[in-house]
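An overview of the molecular structure
Each chain is listed here by its residues.
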Amino acid sequence: MTTCGTCPHACSLAPGQLGLCRSRRASADGSAVEPEGYGRITSLALDPIEKKPIARWRGGTTVLSLGSYGCNMRCPFCQNASIAQAGQDDVAWREMTPESVVSTALELHGRDCIGIAYTYNEPLVNWEFLRDTGALAHGAGLANVLVSNGMATDAVLAEVAPLIDAANIDLKCFSEEGYRKLGGNLDAVKRTIEALAARPACHLEVTTLVVPGLSDDEAQIERIARYLASLDAGIVYHLTRFFPRHRMGEGRPTPLRTLEHLRSVAAEHLPDVVLGNV
């Protein structure tokens with residue numbers, strides 16, 4: 001058995017076995033865990049930076065956004081389930097090398113493209129592709145933007161954090177019980193946020209999708225805001241409206257009055273609280 005060191009799940013895999021994320025597989029001889037999703041691109045688009053969402057950094061510019069498949073969490077409200085909860089046989093993909101991604105971004109410079117955003121599915125399950133592409137991007141004068149659930153080990157963060165110029169990390173709730181229900185680990189996500197907040201060269205924003213029954217109570221949002229402020233009061237905090245998706249398709253959107261109230265709660269600790277999906 002080989003243990004994957006990418007995220008807290010630490011999947012123990014037999015030769016050829018696929019990990020929980022559906023994007024990493026043990027080699028045939030069982031000597032290593034390989035990023036099967038490396039360079040397999042399911043989604044590619046030129047997006048406004050604000051769409052990531054990055055609200056307070058390089059406004060008015062665009063980024064080449066790309067995604068693969070797979071994720072190391074199992075959120076029932078997943079907004080990109082068609083790729084994030086997919087494996088290689090479930091979705092169409094095409095191969096791109098780090099060089100071809102950087103070349104494509106450079107060709108879009110005339111459309112205010114400042115760099116590359118790693119997004120859509122969970123980019124850190126294929127952190128090697130981010131590392132290799134990000135290094136080439138910096139060499140070409142391009143920025144790297146990470147949109148992630150933050151579920152990574154310290155070893156992975158050490159590899160990729162120096163390459164990240166801006167990030168938005170999902171902080172889905174603020175309890176271990178809540179994260180267990182989603183297949184995640186709160187402590188790991190906090191370590192990611194703390195590692196990025198400690199890097200002066202990285203602009204950091206954090207998002208909580210306000211899901212009824214999971215992350216819509218005042219006390220929890222107040223704890224999140226206090227926590228973020230203890231790291232850096234300049235962190236931009238997004239409270240985003242839930243709409244029915246994936247296995248919560250029968251739910252109802254978060255009431256706007258709930259979002260507005262929670263913004264006032266968070267604003268007691270953070271000066272910049274942004275409402276999304278409204």
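For the structure, check the block above.
Criteria and cut-off values
- In this convention, every chain numbers its residues from 1, walking through the sequence in written order.
- Totals for whole chains, interfaces and linings use every residue, but because this is a predicted model, local features are given only for residues with pLDDT of at least 70 and side-chain atom pairs only at 80 or more, for both listing and counting.
- Excluded from the side-chain calculation are hydrogens and water; included are all heavy atoms of the structure.
- Starting at the N terminus, helices and strands are each numbered in turn, a helix being any DSSP run of H or I of at least four residues and a strand any DSSP run of E of at least two.
- Pairs of N or O atoms within 3.5 Å make up the polar contacts considered here, provided that, within protein, one atom can donate a hydrogen while the other can accept it, and that residues adjacent in sequence are counted only when both atoms are side-chain atoms.
- Whether two residues touch is decided by their heavy atoms; if any such pair falls within 4.5 Å, the residues are in contact.
- Buried, partly exposed and exposed residues are distinguished by accessible area as a fraction of the type maximum, computed with a 1.4 Å probe on protein chains only: under 20%, between the cut-offs, and over 50%, respectively.

Our focus in this paragraph is the side chain of N149. Along the chain, N149 turns up in the loop between β10 (143-148) and α4 (154-160). For N149, the side chain forms a polar contact with the side chain of N72, separated by 3.0 Å. When residues no more than four places from it in sequence are discounted, the contact partners of N149 are C71, N72, M73, E122, I169, D170, K172 and V189.

A word on unusual backbone geometry. With an omega of 0°, the peptide bond running from K52 to P53 counts as cis. As for its position among the elements, P53 is in the loop between β6 (43-48) and β7 (62-67). A positive phi is found at Y120, a non-glycine position, where the angle reads about 75°. Positionally, Y120 belongs in the loop between β9 (113-118) and α3 (127-139). Residues other than glycine seldom take positive phi values, yet H246 does so here, at roughly 55°. In this structure, H246 sits in the loop between β13 (236-241) and α8 (256-266). Its relative accessible area of 36% is what places H246 among the partly exposed residues.

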